[in-house]
Amino acid sequence: MTHRVEIHYCTQCRWLLRAAWMAQELLGTFDEIGELVLRPGTGGVFEVHADGERVWSRKEEGRFPEITELKQRVRDRIAPERHLGHADRKGEAG
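Just so we're clear, the structure is a prediction, and the values are computed from it rather than from any experiment.

> What's the story with the packing of aromatic side chains in this structure? I'm lost.
In this description, a pair of aromatic rings is defined by centroid distance and the angle of the planes. As enumerated under the stated definition, the model contains 3 aromatic pairs in all. On the numbers, 6.3 Å between centres and 80 degrees between planes, the contact of tryptophan 15 with phenylalanine 46 is edge-to-face. Highlighted residues: tryptophan 15 in the loop between strand S1 (3–10) and helix H1 (16–29) and phenylalanine 46 in strand S3 (residues 46–50), separated in sequence by 31 residues. Both residues of the pair, tryptophan 15 and phenylalanine 46, belong to the buried class. The ring of phenylalanine 64 carries the charged tip of arginine 18 above its face, separated from the ring centre by 3.6 Å. The aromatic ring of phenylalanine 64 is capped on one face by arginine 58, whose charged end is 5.4 Å from the ring centroid.

> Would you take a moment to explain H1 for this structure?
An α-helix turns once every 3.6 residues. As a result, residues three or four positions apart point the same way. Counted at 1.5 Å a residue, the expected span for H1 with its 14 residues is 20 Å, and the 20 Å between its end C-alpha atoms agrees. Within H1, the full set of buried residues consists of Ala19, Met22, Ala23, Leu26 and Thr29. Looking straight down H1, one finds its buried side chains confined to an arc of 135 degrees; they lie on one side. Within H1, the exposed residues directed more than 90 degrees away from the buried face are Leu17, Gln24 and Gly28. Considering only its buried residues, H1 is in contact with S1, strand S2 (33–41), S3 and helix H3 (67–78).

Cut-offs applied
- Residues numbered from 1 in each chain as written.
- Predicted model: local features only at pLDDT ≥ 70, side-chain atom pairs only at ≥ 80, totals over all residues.
- Heavy atoms only, no water.
- Phe/Tyr/Trp six-rings, centres within 6.5 Å; stacked < 30°, edge-to-face > 60°.
- Helix = DSSP H or I, 4+ residues; strand = E, 2+ residues; numbered from the N terminus.
- Buried < 20%, exposed > 50% of the residue type's maximum accessible area, 1.4 Å probe, protein only.
- Lys NZ or Arg CZ within 6 Å of the ring centre and 35° of its normal.
- Expected span 1.5 Å × (residues − 1).
- Arc of directions from axis to C-beta.
- Contact = heavy atoms within 4.5 Å.

See below:
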């Protein structure tokens, strides 16, 4: 099964490069992604959806995601059995 990821970003804030970089990182990490959409918006929006479920909202979180956080949240939605290597060790009890 392939999955769909959407990054909704604000054009007024000039967040296209940030959205494109995050898209590149996600596509390079997840073979399971069959479609990745960059969706322009306005009003300070920066949200990431995986298979229709919001996994990140800048408005709710009060910040942009670190790329490792975003990869973990996307993974939890589209490939929960997958280990992300060093990105998964951050924050684990040791």
